[in-house]
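As a plain string of letters, each chain reads:
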Amino acid sequence: MRTAIVTGGAQGIGKGIVEHLLADGWRVVAIDSDAEAISDLAGELPVIELLAVRADVGSESQVAKAFDRLKAWNEKAGEPAGIDLLVSNAGLADPVSGPIEELDLKRWRQWQDSHVTGAFLMVRAAVPLLRMRKGAIVLMASTRALQSEPECEAYATAKGGLCAMAHALAISLGPDIRVNAILPGWIETGPWQKAAKRIEAKHRPIDREQHPAGRVGTPRDIAATVAFLASEGAGFITGQQFVVDGGMTRKMIYADK
């Protein structure tokens, strides 16, 4: 049976990916730093194919412990060693860091550690296991790596770093391991939050109309892309960036005259 690790897997896009992979017959390790969200996920998806682990991917020691739990889980189930997929999705979700002249180094590092350092630590630990099964890595970047709103420098920098990491890893790890990045646009995650913060999706006509696809995205859109990139059908694809944004980054916008 195929095995995947999804970081930030208890809420939002990560939760959508976990649900999709489980439905496709995968065994999934969902890693998240939010204890409440991890508890909710385990309660909502009480299946033996899911291992929900609370860990901060920016912590070297916690990442090591998470992989120890994965190995023990595989051994208990009699599964062969190795994994087939790593989805590095964890990271601070709020893109706004405030005026750059007021942004202190500690807060800057929080964005970089949660996205880039977390991805590095997960990839480093996962590579030996991925090599065993000639697996794949998906790094979750953002369209904010390509375009910006004001006062989002820390987030944009982190997501741009993940894009660069993806093509660098693809060259270093190929042909055994394929590596790609997904750049989501506006993805509605309200219904995929933990129970205490779950909200119904409500979009205005203008929210839908500004997307050439005619709607706001959902975690299912990203999950489907992850599943494709992990499949044999994507066997000749590596080192690439996939924008999944309903076409918004291709749309010219002019202010009214």
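Draft legend 1. Main features of the nonpolar core. Of all hydrophobic cores here, the largest spans 37 residues; its most connected members are Ile5, Ile31 and Ile137. For this core, the elements supplying multiple residues, two or more each, are strand S2 (27-32), strand S3 (50-54), helix H3 (60-77), helix H4 (105-133), strand S5 (136-140), helix H5 (153-173) and strand S6 (178-184). Top contributing element to this core by residue count: H4, with eight residues. Once you skip the residues sitting within four places of it in the chain, Ile31 turns out to touch Ile5, Val6, Thr7, Gly8, Gly9, Ile38, Val53, Ala55, Val57, Ala66 and Met122. Grouped together as the second largest cluster of nonpolar side chains are 32 residues, Trp26, Ile38, Leu45 and Ile237 included.

Draft legend 2. Broad picture of the packing of H3 against H4. The N-to-C vectors of H3 and H4 enclose an angle of 30°; their axes lie 9 Å apart at closest approach. In this view, H3 runs roughly parallel relative to H4, as classed from their interaxial angle. Two packed elements cross with a definite hand, and for H3 against H4 that hand is right-handed. Contacts between H3 and H4 pair Glu60, Val63, Phe67, Leu70 and Lys71 from the former with Leu121, Met122, Arg124, Ala125, Ala126 and Leu129 from the latter. In terms of residue class, the contact of H3 with H4 is made up of eight nonpolar, no polar and three charged.

Draft legend 3. The pattern of salt bridges, seen in detail. Taken as a whole and judged by the stated rule, the model has eleven salt bridges. Of the charged contacts, one joins Asp84 and Arg133 as a salt bridge, the two residues approaching to 2.7 Å between their closest N and O atoms. With Asp84 in the loop between H3 and strand S4 (85-88) and Arg133 in helix H4, this pair connects stretches of sequence that are 49 residues apart. Residue class for Asp84 comes out buried when judged on its relative accessible area of 16%. Where salt bridges share partners, they join Lys15, Glu44 and Arg198 into one cluster.

Draft legend 4. Here's a closer look at the environment of Arg204. By the element assignment, Arg204 lies in the loop between S6 and helix H6 (205-209). Exposure remark for Arg204: the relative accessible area of 53% places this residue in the exposed category. As for Arg204 and Leu45, which are separated by 159 residues in sequence, their C-alpha atoms are 32 Å apart.

Draft legend 5. Representation of the layout of surface pockets within the structure. Space inside the largest pocket adds up to approximately 1600 Å³. Around the largest pocket sit 49 residues that line it, and Leu92, Ala93, Asp94, Pro95 and Tyr155 are the ones nearest its centre. Mapped onto the lining of the largest pocket, the elements with two or more residues apiece are helix H1 (12-23), S2, H4 and H5. For the second largest pocket, the calculated volume is near 230 Å³. In terms of lining, the second largest pocket is formed by 14 residues, of which the most central are Lys134, Arg178, Ala230, Ser231 and Glu232. Considered class by class, the residues forming the lining of the second largest pocket number four nonpolar, three polar and seven charged.

Draft legend 6. Quick look at the packing of aromatic side chains. For the coordinates displayed, the defined rule picks out zero aromatic pairs. Lying across the ring of Trp73, Arg27 places its NZ or CZ 3.7 Å from the centre.

Draft legend 7. Region of interest: unusual backbone geometry. Of note, the bond from Gly174 into Pro175 is cis; its omega dihedral lies within 30 degrees of zero at 5°. One can find Pro175 in the loop between H5 and S6. Residue Lys134 is not a glycine yet carries a positive backbone phi of 50°. Its location among the elements puts Lys134 in the loop between H4 and S5.

Draft legend 8. Up close: the pairing of S5. In terms of burial, S5 is a largely internal element, five of the five residues being buried. Here S5 shows a buried face lined by Ala136, Val138 and Met140 and a second buried face lined by Ile137 and Leu139. Across four bridges, S4 lies against S5 in parallel orientation. In the strand pairing of S5, Ser88 is matched with Leu139. The β-α-β motif built from S4, the intervening H4 and the parallel element S5 has right-handed crossover chirality. Summarising the sheet, S5 and S6 pair through five bridges and their orientation is parallel.

Conventions and cut-offs
Residues numbered from 1 in each chain as written. Predicted model: local features only at pLDDT ≥ 70, side-chain atom pairs only at ≥ 80, totals over all residues. Heavy atoms only, no water. Core = buried A, V, L, I, M, F, W, Y, C linked by side-chain atoms within 4.5 Å. Buried < 20%, exposed > 50% of the residue type's maximum accessible area, 1.4 Å probe, protein only. Helix = DSSP H or I, 4+ residues; strand = E, 2+ residues; numbered from the N terminus. Contact = heavy atoms within 4.5 Å. Axes fitted to C-alpha atoms, helices over the stretch in contact; angles between N-to-C directions. Parallel < 35°, antiparallel > 145°, perpendicular 65-115°, else oblique. Left-handed = near helix turned anticlockwise from the far one by under 90°. Nonpolar A, V, L, I, M, F, W, Y, C, P; charged D, E, K, R; others polar. Salt bridge = Lys/Arg side-chain N within 4 Å of Asp/Glu carboxyl O. 1 Å grid on protein atoms, 1.4 Å probe; cavity = no way out; pocket = protein on both sides within 12 Å on 5 of 7 lines; lining within 4 Å. Points joined across faces, edges and corners; volume = space filled by probe spheres on them. Phe/Tyr/Trp six-rings, centres within 6.5 Å; stacked < 30°, edge-to-face > 60°. Lys NZ or Arg CZ within 6 Å of the ring centre and 35° of its normal. Pairing = 2+ DSSP bridges. Right-handed = clockwise from strand over helix to strand, strands pointing away.

Don't take any of this as a statement about function, it's just geometry.
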